[in-house]
Amino acid sequence: MINGLDAYKKKWNIQTEAAIKPGLHAITAALKELDNPHQKGTFIHIAGTNGKGSTATFLASILREHGLSVGNFFSPEIEDLHDQIQINGEPIPEEEMDRTMNRLASLRTPLTDFELLTAAAFLVFSEHPLDAVIIEAGMGGRFDSTNVIDPFLSIIPSISMEHTAFLGDTLEEISWHKAGIIKKWKPVVVGNLPEAAMAVVNENADKLHSEVIKAKEPITVELKLKGEHQIRNAQLAVEAAKEILLLTFDQEKANAGLSKASIPFRFEELYPGLVLDAAHNVESVEALIQTVKEQFPTKEIHFVVGILKDKNYKEILRKLEAISDQFTFISFESERALEANTLFEESRSKIKTIQNQYDILPVQGINVMTIVTGSMNLLSILRNEKFKVFANYKSAAR
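This section reports on the structure supplied with the text. (Residues numbered from 1 in each chain as written. Predicted model: local features only at pLDDT ≥ 70, side-chain atom pairs only at ≥ 80, totals over all residues. Heavy atoms only, no water.)

1. Re the environment of Asp310
In this fold, Asp310 is placed in the loop between strand S13 (300-305) and helix H12 (313-321). Look at Asp310 and you get partly exposed, because its relative accessible area is 43%. With 27 residues separating them in the primary sequence, Asp310 and Ala337 have C-alpha atoms 8.8 Å apart. If near-sequence neighbours (up to four positions away) are discounted, Asp310 is found in contact with His163 and Arg336. Reaching out from Asp310, the side chain makes a polar contact with the side chain of Arg336 at a distance of 3.2 Å. (Helix = DSSP H or I, 4+ residues; strand = E, 2+ residues; numbered from the N terminus. Buried < 20%, exposed > 50% of the residue type's maximum accessible area, 1.4 Å probe, protein only. Contact = heavy atoms within 4.5 Å. Polar contact = N/O pair within 3.5 Å; in protein donor to acceptor, adjacent residues only side chain to side chain.)

2. Here we look at the sheet that holds strand S2 (residues 43-46)
Pairing between the strands of a sheet is mediated by backbone hydrogen bonds and can be parallel or antiparallel. Taken together, eight strands build an open sheet; the order of strands is S5-S4-S3-S7-S2-S8-S9-S10 and the sheet is mixed. Both edges of this open sheet fall to strand S5 (90-91) and strand S10 (212-214), since each of them pairs with a single strand only. Pairing geometry for strand S3 (residues 70-73) and strand S4 (residues 85-87), over three bridges, is antiparallel. Along S4, the bridge assignment pairs Gly71 with Ile87. (Pairing = 2+ DSSP bridges.)

3. Concerning the packing of aromatic side chains
One pass over the full model with this rule turns up eight aromatic pairs. For the ring pair Phe327 and Phe329, a centre distance of 5.7 Å and an interplane angle of 20° mean the geometry is stacked. Of the two residues examined, Phe327 and Phe329, each falls in the buried class. Aromatic ring contacts, followed pair by pair, group Phe303, Phe327 and Phe329 into a single cluster. The ring centre of Trp176 lies 3.9 Å from the NZ or CZ of Arg142, which sits over that ring. When the ring centre of Phe344 is taken as origin, the NZ or CZ atom of Lys352, which lies over that ring, is 4.6 Å away. (Phe/Tyr/Trp six-rings, centres within 6.5 Å; stacked < 30°, edge-to-face > 60°. Lys NZ or Arg CZ within 6 Å of the ring centre and 35° of its normal.)

4. Points about helix H11 (residues 282-295)
For H11, with 14 residues, the first-to-last C-alpha span of 20 Å sits near the 20 Å given by 1.5 Å per residue. Buried residues of H11: Val282, Ser284, Val285, Ala287, Leu288, Ile289, Thr291 and Val292, and no others. On the buried face of H11, the contacting elements are helix H9 (228-245), S13, H12 and strand S16 (368-373). (Expected span 1.5 Å × (residues − 1).)

5. Things to note about the environment of Val201
Examined against the element boundaries, Val201 turns out to sit in helix H8 (residues 195-207). Of the residues examined, Val201 reaches a relative accessible area of 0% and is grouped as buried. Once the C-alpha coordinates of Val201 and Lys178 are considered, the two residues, 23 residues apart in sequence, prove to be 8.2 Å apart. Excluding residues that lie within four positions of it along the chain, Val201 makes contacts with Ile156, Ile159, Ala179, Ile182, Val190 and Leu193.

6. Thoughts on the pairing of strand S15 (residues 351-356)
Of the strand pairs in this sheet, strand S14 (residues 326-331) and S15 are connected by six bridges, and their pairing is parallel. Across the sheet, Ile330 pairs through a bridge with Gln355, a residue of S15. Chirality of the crossover, the property in question, places the unit of S14, helix H13 (residues 340-346) and S15 among those that are right-handed. (Right-handed = clockwise from strand over helix to strand, strands pointing away.)

7. Topic: the sheet that holds S15
A sheet is described by the order of its strands in space; here six strands give the open sequence S11-S12-S16-S13-S14-S15, paired in mixed fashion. Where the open sheet ends on each side, the last strands, each with one partner, are strand S11 (268-271) and S15. Averaged over all pairs of adjacent strands, the angle between their axes in this sheet comes to 25°, without regard to strand direction. In this structure, strand S12 (residues 274-276) lies alongside S16, joined through three bridges in parallel fashion. Pairing of Val275 across the sheet is with Ile371, part of S16. (Axes fitted to C-alpha atoms, helices over the stretch in contact; angles between N-to-C directions.)

8. Examining the pairing of strand S8 (residues 153-156)
Both faces of S8 are covered, namely the face carrying Leu153 and Ile155 and the face carrying Ser154 and Ile156. In this structure, S2 lies alongside S8, joined through three bridges in parallel fashion. Its bridge partner lying in S8, Ile44 is registered against Leu153. Here S8 pairs with strand S9 (residues 188-190) via three bridges, running parallel.

9. Comments concerning the pattern of salt bridges
Enumeration according to the criterion identifies 17 salt bridges in this entry. The partner of Lys21 in a salt bridge is Glu17, with the nearest N and O atoms 2.6 Å apart. The exposure class assigned to Lys21 is partly exposed, which follows from its relative accessible area of 45%. On the basis of relative accessibility, which here comes to 40%, the residue Glu17 falls in the partly exposed class. Notably, a salt bridge pairs Lys207 with Glu203, separated by 3.6 Å at the nearest N-O pair. (Salt bridge = Lys/Arg side-chain N within 4 Å of Asp/Glu carboxyl O.)

Read these as layout, nothing more, since geometry by itself doesn't imply function.
The structure is reproduced here in structure tokens:
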């Protein structure tokens, strides 16, 4: 479910499916009906398990600091579909999305919801004078609907096990999907990938005569996005910026861009004592735990957790339980959400309870940090509810 899309579909009588259907045939046909807007512009394509949104945000901030006009397509949404399509860091307004959906209503090609949004993004970007457009893949890469572009370069921040029902149940199979965004003669910037994943990426890059670039330079500027993993994402963004800007690259401007970059739900301290983090799989949970240890070494940790059904929730719980025995499991409105009861029963925590997205969480003691995590979908819902669930924290912060 893409929050806010149904209203436009209803208004313009657009029929699409919510199902995930990997493949490029439908999106290619639809874009042809629209005069191929995805063929206009300088694109950077990002695929990977974790780090896509942060790397895209760092890179956009660096490029804007150099005076470039930049578009971004993010997945999933923070609040709703408007913030998935951004121009120079600003979500597109409802009026522009409405005009775009009006145009898409005439499409004859049947699409899924995500394909429709992808087509909308390409239409929007084609109508703005942009120097660069950064596209984040939705799932996988090779058969993701964003993989219709011929990018200036590609970026793969990380690869680990995910979406096994669609991408395969081995790291090599998943890596093959991610490596599908690499294009002939175009460089690919890669993060610190597992050996098996790196072998697949190298093999695909060799076949396509694509230069594989790894991060080299240390990050010396303080980042708003916390954690060692964000330093690695920032390094990837710098390497990509060097390829894009060439002789016009300026390290001071790059540092300024990195220091300004921020994104909701990336270890975001919403109120004193309350952090939101979109860790949603084993790898990102490991990064969250490392950041918690770095930032709050003397604090007790209270986790508020909601997870989607297709995630490895048992291993995620074991990881979180290693640093906390206080848990609140939260039910939220999504057809993909795992029942809080299931998490409660699986948990080995000494102190645990169940709430839903409308319950008000109690403010914890002064030495306790509450961290809400497990699903970007959950955090997006809570933001759309204007964080009513955290009303006590808001009043306490005042």
